[in-house]
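Reading the structure
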Protein chains: 2
Amino acid sequence: MPAHDYHRFMQAAYQQALKSYKEGGLPIGAVMVEHNHVIGEGHNRRVQDGDPTAHGEMDCIRRVGRRSDYHAVTLFTTLSPCMMCAGRVVQFGIPQVVIGENQSFPGNIDFLRAHGVEVVLLNDPQCEALMRTFILEKPVLWNEDIAGRKSV
Amino acid sequence: MPAHDYHRFMQAAYQQALKSYKEGGLPIGAVMVEHNHVIGEGHNRRVQDGDPTAHGEMDCIRRVGRRSDYHAVTLFTTLSPCMMCAGRVVQFGIPQVVIGENQSFPGNIDFLRAHGVEVVLLNDPQCEALMRTFILEKPVLWNEDIAGRKSV
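None of these values were measured; they are calculated from a predicted model.

Focus on the packing of aromatic side chains
Residue and element names in this part refer to chain A. Summed over the entire model, instances satisfying the criterion amount to seven aromatic pairs over all chains. Centroid distance Tyr70 to Phe92: 6.1 Å. Interplanar angle 80 degrees. Geometry classified as edge-to-face. Remark: Phe92 occurs in the loop between α4 (83-91) and β4 (96-101) and Tyr70 occurs in the loop between α3 (56-64) and β3 (73-79); sequence separation between them is 22 residues. A relative accessible area of 1% means that Tyr70 is categorised as buried. Lying over the aromatic face of Tyr70, Arg67 brings its terminal NZ or CZ to 5.6 Å of the ring centre.

What follows is the structure, given as structure tokens:
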């Protein structure tokens, strides 16, 4: 995938994050891409649905629906994945993850790479600024979503 | 927790698995226990809800709802956790997991223990028999639920 497309699809994930932020939720978004098309998108829904498992990546995967094969997909996420979401990627054989930023939350990039996942880290300033704004505004909510664990 | 209680709560998780089996779904169930009381239960809902993220443990955690602290809970699951669910346990600081069986699916017990989770493996013949029956009946569905990966 050319670098131009990384940023284009990350912009779609960012729009999901921004939508969630405007709804009062956690501003973390994700899209799934296959054969250069977005096949699903989602965002964190802890606040919106009262669902502690609905991280951005999980909501996106859920909305894509049932499938037996993820070998041709790329998962875009505005924020580095927590251990649940990284585990999901590895268990289900998602081969590539493109991450907006890992400054707000280091997540589990080493774990992904150790299990053969190709990780592209964009260091996207827009993704990082939105998370920084949110964390300053709602630190308790942010802490709840990661159970206070920045790394496992 | 005395051994008697392990088996009592695993029976509740098994009833969730059996319910899912009777609905045509994957027979994997879970309950969450805190201060010797069941605070939530769930089962795999891939078939029932078309949700590929709804493993038994995830459905149970979702139904318990939002909380910031899992330090006093025990998660009971009829089957050894996949990498997504094991990652969830570690990210959210669930300190103890009681597992019905790991013969149908080895799961990620070593990962859990390496991250400080206390794992109790019951080798429950009822849990194992139900999974064996299901896998013989619906091998394609079973393979879909773990993306063909017995270990990561």
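After that view of the structure, there is still more to cover.
Looking at the interface of chain A and chain B
For an interface, size is often stated in terms of accessible area lost upon the parts coming together. Each partner contributes to the interface: chain A provides 35 residues, whereas chain B provides 35 residues. Taken together, both faces of the contact between chain A and chain B bury some 2,900 Å²; the carbon and sulfur share is 60%. On the chain A side of the contact with chain B, Arg66(A), Gln91(A) and Phe92(A) bury the most area, a combined 25% of that side's loss. Counting across the interface, chain A meets chain B through four salt bridges. Looking at the side of chain A that touches chain B, the elements with two or more residues in it are α2 (46-49), α3, α4 and α7 (139-146) of chain A. For the side of chain A that touches chain B, the element with the highest residue contribution is α4(A), accounting for six residues.

So, the pattern of salt bridges
According to the stated counting rule, one finds 22 salt bridges over all chains in the structure shown. Between Asp51(A) and Arg62(B) there is a salt bridge; the shortest N-O distance is 3.2 Å. Note that Asp51(A) is positioned in the loop between α2 and α3 and Arg62(B) in helix α3 (residues 56-64), a pairing that runs across two chains. For the pair formed by Asp51(A) and Arg62(B), the shared burial category is buried.

So, the side chain of Thr77(A)
All names here are of chain A. Inspection of the secondary structure puts Thr77 in strand β3. At a separation of 3.0 Å, a polar atom in the side chain of Thr77 contacts the main-chain carbonyl oxygen of Leu79. Setting aside residues no more than four positions away along its own chain, Thr77 makes contact with Met10, Ile28, Gly29, Ala30, Glu57, Val97, Val98, Ile99 and Gly100.

Points about the relation of the copies chain A and chain B
After a rotation of 180 degrees and a shift along the axis of 0.0 Å, chain A superposes on chain B with an RMSD of 0.0 Å. Within this description, the copies of the chain are treated as partners about a two-fold rotation axis.

Looking at the sheet that holds strand β2 (residues 37-43) of chain B
All names here are of chain B. Strand order in the open sheet formed by five strands is β2-β1-β3-β4-β5, with mixed pairing between adjacent strands. Edge positions in the sheet fall to β2 and β5 (118-121), since each has one partner strand and no second. In this sheet, neighbouring strand axes are inclined to one another by 20 degrees on average, regardless of whether the strands run parallel or antiparallel. The pairing of strand β1 (residues 29-34) with strand β3 (residues 73-79) spans five bridges and is antiparallel. The residue bridging Val33 from the neighbouring strand is Thr74, located in β3. Sheet strands in contact with helix α6 (residues 125-137) are β3 and β4 (96-101), and its direction is about 60 degrees off that of β4.

What counts, and at which threshold
Residues numbered from 1 in each chain as written. Chains lettered and ligands numbered in written order. Predicted model: local features only at pLDDT ≥ 70, side-chain atom pairs only at ≥ 80, totals over all residues. Heavy atoms only, no water. Phe/Tyr/Trp six-rings, centres within 6.5 Å; stacked < 30°, edge-to-face > 60°. Helix = DSSP H or I, 4+ residues; strand = E, 2+ residues; numbered from the N terminus. Buried < 20%, exposed > 50% of the residue type's maximum accessible area, 1.4 Å probe, protein only. Lys NZ or Arg CZ within 6 Å of the ring centre and 35° of its normal. Contact = heavy atoms within 4.5 Å. Buried area = accessible area lost by both parts, 1.4 Å probe. Salt bridge = Lys/Arg side-chain N within 4 Å of Asp/Glu carboxyl O. Polar contact = N/O pair within 3.5 Å; in protein donor to acceptor, adjacent residues only side chain to side chain. Least-squares fit on C-alpha atoms with pLDDT ≥ 70 in both. Pairing = 2+ DSSP bridges. Axes fitted to C-alpha atoms, helices over the stretch in contact; angles between N-to-C directions.

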